[in-house]
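A structural walkthrough
This is what each chain is made of:
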Amino acid sequence: MKIQLYFSFFCITLSSFAQKAVDTDVWVGRITILDAINPVFSTPVNLTNRKGYDNQPFFAADNQRLFYSTTINNQNDIWVYDFTENVNMHATKTKESEFSPKETPDKRYISTVRIDLDSVQRLWKYDQTDLTRKFEVDKSIDSIGYYTWIAHKSLAWFKITEPPSLWLQDLDSKKSMLIANNCGRTFLGYGNDSLITTLIIDGKRVFAIVPLKNTNKIEYLIDSPDMNSQDFVVIAINGKKYIWTSFGKKLVSYEIGSPERKWNTIADFTKYEIKTINRLAISKDLKRYAFSSEE
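Given the structure is predicted, the values throughout are model-derived calculations rather than measurements.

1. Side note on the pattern of salt bridges
One pass over the full model with this rule turns up 16 salt bridges. One salt bridge in this structure joins Asp-116 and Arg-114, with 2.5 Å as the shortest N-O distance. Both residues of the pair, Asp-116 and Arg-114, count as buried. Between Glu-136 and Arg-122 there is a salt bridge, and its shortest N-O distance comes to 3.7 Å.

Dropping the structure here:
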């Protein structure tokens, strides 16, 4: 069985975060792929299990570490859980607040959105061999809310505007190009020159393929299960590609390109102490899952 995972990447935003954050926990578990229709999800385990904000899980490429953001005493840092050692560790320790951890394409750095002391939101990266070594990715990027790496020298990012806007950034030329407006907080590379994201169109949230070059040719895929379903991953199993997203306490799946355009339930966590699944991450080897839920 051939399996491929396309990562989606998240970031929390807003300079007023401290006033808006709700208590959340990060939950983790195992996945067994029997086939694309019937993946088996083990009982979720509460990884953080404390009062406060624990959110934005992201699996490292080695499949053995889970990065996430956590707030303690109004200070938000990045933490990492090592599945091999079964231990939580502090990753970033700064005066600023970091969110949305992910690895850069070369795997050398952990990148984050950082709320600096002047309240401006910028993109930084931290050397994985020495996390005290940090570098600003591109000084021309500010008011960044969410982002995903396209390649070593380019990324897509969500700008905090009204309505919110999605931009493509060339890190060599420092030039930005508008891709779309009214976008969701999750977007990921799809093929060689497109993104999959959610958009608000005619008052509805929809999933769509957005070209990076000819942005007038947006391809509608399917209506979102509801307005809150905007965190997702895309996987490929035996040549077919699927979107997995959350719908309340459930995970649902859609086969991209299917003429039926319907969502199928693949996991139901109703019987567990989970309110609503908000963020979703899947390890690259498709053997672990993680999500956040309000306490």
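Next comes the rest of the account.
2. Some points on the confidence of the model for the protein
Detailed reading of the predicted coordinates is not advisable wherever pLDDT falls low. Of all residues in the protein, 93% attain a pLDDT of 70 or more, and the chain-wide mean is 91. Counted against residues more than four places away or in other chains, residues 7-19, with its pLDDT under 50, gives 55 contacts.

3. Quick word on the packing of aromatic side chains
All chains considered together, the criterion is met by 14 aromatic pairs. Aromatic side chains Tyr-254 and Trp-263 sit 5.7 Å apart centroid to centroid with 55° between the ring planes, which places their arrangement in the tilted category. By the ring-pair criterion, three or more aromatic residues cluster together here, those being Phe-41, Trp-244, Phe-269, Tyr-272, Tyr-289 and Phe-291. One Lys or Arg, Lys-102, reaches over the ring of Tyr-147 and ends 2.9 Å from the middle of that ring. One cation-aromatic arrangement involves Lys-159 over Trp-167; the distance from NZ or CZ to the ring centre is 5.8 Å.

4. Considering the sheet that holds strand β15 (residues 165-170)
Reading across from one edge, β13-β14-β15-β16 is the order of the four strands in this open sheet, with antiparallel pairing throughout. Each of the sheet's edge strands pairs with one partner strand only, and the pair in question is β13 (144-151) and β16 (175-181). The average undirected angle you get between the axes of adjacent strands in this sheet is 25°. Inspection of the sheet shows strand β14 (residues 154-159) paired to β15 by six bridges, in the antiparallel sense.

5. Thoughts on the nonpolar core
Counting residues in hydrophobic clusters, the biggest one holds 21 residues, and the most contacted among them are Phe-41, Trp-244, Leu-251, Phe-269, Ile-282 and Phe-291. The set of elements that each furnish at least two residues to this core consists of β2 (24-33), β21 (232-237), β22 (240-247), β24 (264-268), β25 (277-282) and β26 (288-294). Those residues within four positions of Phe-291 in sequence are excluded, and the remaining contacts are Asp-25, Val-26, Trp-27, Pro-44, Pro-57, Phe-269, Ile-274, Ile-277, Arg-279 and Leu-280. In this structure, Tyr-146, Ile-179, Cys-183 and Leu-199 belong to the second largest nonpolar core, which totals 15 residues.

6. Examining the pairing of strand β19 (residues 204-211)
Counting buried positions along β19 yields seven of eight residues, so the element is predominantly enclosed. Sheet topology note: the strand β18 (residues 194-201)/β19 ladder contains eight bridges and is antiparallel. Following the sheet pairing, Leu-195 is matched in β19 by Val-210.

7. What to know about the environment of Lys-153
With respect to the helices and strands, the residue Lys-153 is situated in the loop between β13 and β14. If we ignore the near neighbours within four places in the chain, the residues touching Lys-153 are Gln-169, Asp-170, Leu-171 and Asp-172.

8. Digging into the pairing of strand β11 (residues 121-127)
The element β11 is largely enclosed, with a buried count of six among its seven residues. In this structure, strand β10 (residues 109-115) lies alongside β11, joined through seven bridges in antiparallel fashion. Looking at β11, one finds that Arg-114 is bridged to Arg-122. Count of turn residues in the β10/β11 antiparallel hairpin: five residues, of which Ser-119 carries a positive phi of about 75°. The pairing of β11 with strand β12 (residues 134-136) spans three bridges and is antiparallel. Residue pairing in the sheet places Trp-124 in a bridge with Glu-136 of β12. Between β11 and β12, which pair antiparallel one after the other, the connecting turn spans six residues.

9. Points about the side chain of Asp-116
Structurally, Asp-116 is set in the loop between β10 and β11. Engagement of the side chain of Asp-116 in a polar contact is seen with the side chain of Arg-122, the distance being 2.7 Å. In this view, Asp-116 contacts Glu-96, Arg-122 and Trp-124; residues no more than four positions away in its chain are not counted.

What counts, and where the lines are drawn
- Residues numbered from 1 in each chain as written.
- Predicted model: local features only at pLDDT ≥ 70, side-chain atom pairs only at ≥ 80, totals over all residues.
- Heavy atoms only, no water.
- Salt bridge = Lys/Arg side-chain N within 4 Å of Asp/Glu carboxyl O.
- Buried < 20%, exposed > 50% of the residue type's maximum accessible area, 1.4 Å probe, protein only.
- pLDDT = per-residue confidence, 0-100.
- Contact = heavy atoms within 4.5 Å.
- Phe/Tyr/Trp six-rings, centres within 6.5 Å; stacked < 30°, edge-to-face > 60°.
- Lys NZ or Arg CZ within 6 Å of the ring centre and 35° of its normal.
- Pairing = 2+ DSSP bridges.
- Helix = DSSP H or I, 4+ residues; strand = E, 2+ residues; numbered from the N terminus.
- Axes fitted to C-alpha atoms, helices over the stretch in contact; angles between N-to-C directions.
- Core = buried A, V, L, I, M, F, W, Y, C linked by side-chain atoms within 4.5 Å.
- Polar contact = N/O pair within 3.5 Å; in protein donor to acceptor, adjacent residues only side chain to side chain.

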